[in-house]
Amino acid sequence: MNYSRFITTVSAARKASPIRLLTELMQKSPPSLISLAGGAPNPNVFPFKRATVAIGHGTAVEIGEDLMKRALQYSASAGIPELLSWLKDFQRNLHNPPTANYSPEQGQMEVCVTTGSQEGLCKVFEMLINPGDNILLDAPTYSGTLAALRPLGCNIINVPSDQHGIIPKALKEILSTWSSEDVKNRSHHLPKFLYTIPNGCNPTGNSLTTERKKEIYQLARKYDFLIIEDDPYYFLQFEKPWAPTFLSMDVDGRVIRTDSFSKILSSGLRIGFLTGPKPLIDRVILHIQVSTMHTSTFTQIMISQLLQQWGEKGFLEHIDRVVEFYRTQRDAMLIAADKWLKDLAEWYPPAAGMFLWIKIKGVSDTQQLIMEKALQKEVLLVPGGAFNIDSSEPSSYVRASFSLSSPAQMDLVSDFFFFLHSYQDIFSHNNASLFLLISPYVFS
């Protein structure tokens, strides 16, 4: 593939940082090397000497004095070597991407570590988007993605979706705007990429079917756009076998995939990773060199030590335990919703993730319902408008997360919504005095 048409002028102008290259060279050199080159501080003056992190089943991650010195020091921008090696092997074994054995020019699979998948996404967007570019996504979608895209001045084209994700027929209809001549001449008006969350989409809980993915990938080939597969809930799929990924279908080197440990190991350690064609991942690494420089070496070493201790088998066994927890939570949410909201709202059971997307019948916009009425009673959900391309657009939906609340709390919140809906006429007529009159009796 010719990646030059996708890369912005700013990204194309990035050059490797000489100091960053020296840092990586030093780390690959033998201990006998005498270096007066680097600006790294002397780790002997750092106050942290060793750490023991207890993990489940009575085991621990041990970071001794020598490893601690390395953990507190600068490291390579792409990620520490042992974590990168583990992740590359894991991606090959899990997804078997066709690009794994390609040459770099053909779009060979490459991996880099990022400070959470959000950093990876933002840097991918800034690598690809010029003002005025057309991009495709299926909204409602993750509000963090929309917040990252809006300032870049792109035209966001919404692709219709349902409970099974993007509708290929609708995508094909949108793409028919461009002629075969546009594709042949690589018109700059062609969409640069399609962004989607294929499993347990935030906020809708939708998951793309395998057949739809295949259709979408063929459309990407026909109209020559990239696919950004943002998949933080991949490991939270409730049924096996797990759905094949776009990465597993990528014969061209046109898929950039984001993964995250946030939902399964720790959200605070901020470890994510990008997988995609080497010419594009290398551009992201150049950006990391001059921004964050690298993801925390300490957290990378902590995660790497854990993964080395577990191996792939132990890691996947941990995933099974995590999935079982979230499956139980989802089922409790569905029981509560079915008990209280059956005739008042609509929803689809999510096949992955941690969200239930609820449409409140008879309510054109849930913004006031959530931000005023529910919040007054210490109930917090997210109004659906937050996930629209235009956040001021009214939405009759709310997003409910089942990750933290107990089944009893879920039942209580659903009961509360039953009451709110019963009195929606009061709210719609802004009859605040009547609400204040009845609220002490019905909320006490």
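Before any of the text, the structure's been laid out above.
Heads up: these notes are all about the structure in this document.

With that out of the way, let us pick up the overall build of the protein. Counting its regular elements, the protein contains 16 helices and 15 strands. Whereas a compact globule of 444 residues would reach a radius of gyration of roughly 22 Å, the protein reaches 24 Å, a difference of no more than 12%. Seen through its principal axes, the protein has C-alpha atoms that stretch 80 × 60 × 40 Å. A sequence separation of at least 24 residues applies to 74% of the contacts in the protein between residues at least 6 apart. With the model as given, the accessible surface of the protein reaches about 20,500 Å², and the carbon-plus-sulfur share is 56%. Mean positive and mean negative side-chain charge positions of the protein (41 and 43 charges, respectively) differ by 4 Å.

What follows covers empty space enclosed by the protein. Evaluated as defined, the whole model comprises one cavity of 30 Å³ or more. In this structure, the largest cavity occupies an estimated 30 Å³ of space. What lines the largest cavity is Asp138, Gly165, Ile166, Thr196, Ile197, Pro198, Cys201, Asn206, Ser207 and Leu208. By residue class, the composition of the lining of the largest cavity is five nonpolar, four polar and one charged.

A grouping of Ile19, Leu22 and Leu25 is seen on the molecular surface, where their side chains present a nonpolar patch of about 280 Å² in accessible area. The residue leucine 25 is located in helix 2 (residues 18–28) in this model. Given the relative accessible area of 52%, leucine 25 is considered exposed.

A few words on the layout of surface pockets. Any empty space left between atoms is shown by rolling a water-sized probe over those atoms. Roughly 1,100 Å³ of internal volume is contained in the largest pocket. In this structure, the largest pocket is lined by 39 residues; those nearest its centre are Thr23, Met26, Gln27, Lys28 and Tyr74. For the lining of the largest pocket, the elements supplying multiple residues, two or more each, are helix 2, helix 3 (65–71), helix 4 (81–95), strand 3 (109–114) and helix 11 (278–289). Here the lining of the largest pocket is composed, by residue class, of 17 nonpolar, 12 polar and 10 charged.

Moving on, we come to the sheet that holds strand 12 (residues 345–346). Judged by pairing direction, the sheet is antiparallel, and its four strands sit side by side in the order 12-13-15-14 without closing on themselves. The sheet terminates laterally at strand 12 and strand 14 (382–383), the two strands that pair on one side only. The pairing of strand 12 with strand 13 (residues 355–360) spans two bridges and is classified as antiparallel. If you follow glutamate 346 over to strand 13, its bridge partner there is lysine 359. Packing of helix 12 (residues 297–341) onto the sheet brings it into contact with strand 12, strand 13 and strand 15 (397–401), and relative to strand 13 it is tilted by some 15°.

How each quantity is defined
- Residues numbered from 1 in each chain as written.
- Predicted model: local features only at pLDDT ≥ 70, side-chain atom pairs only at ≥ 80, totals over all residues.
- Heavy atoms only, no water.
- Helix = DSSP H or I, 4+ residues; strand = E, 2+ residues; numbered from the N terminus.
- Rg over C-alpha atoms; globule rule 2.2 N^0.38 Å.
- Contact = heavy atoms within 4.5 Å.
- Areas by Shrake-Rupley, 256 points an atom, 1.4 Å probe, with all protein chains shown as cover.
- Lys, Arg positive; Asp, Glu negative; His and termini not counted.
- Charge placed at Lys NZ, Arg CZ, Asp CG, Glu CD.
- 1 Å grid on protein atoms, 1.4 Å probe; cavity = no way out; pocket = protein on both sides within 12 Å on 5 of 7 lines; lining within 4 Å.
- Points joined across faces, edges and corners; volume = space filled by probe spheres on them.
- Nonpolar A, V, L, I, M, F, W, Y, C, P; charged D, E, K, R; others polar.
- Patch = residues over 30% accessible without salt bridge, like charges linked within 9 Å, V, L, I, M, F, W, Y side chains within 5 Å.
- Salt bridge = Lys/Arg side-chain N within 4 Å of Asp/Glu carboxyl O.
- Buried < 20%, exposed > 50% of the residue type's maximum accessible area, 1.4 Å probe, protein only.
- Pairing = 2+ DSSP bridges.
- Axes fitted to C-alpha atoms, helices over the stretch in contact; angles between N-to-C directions.

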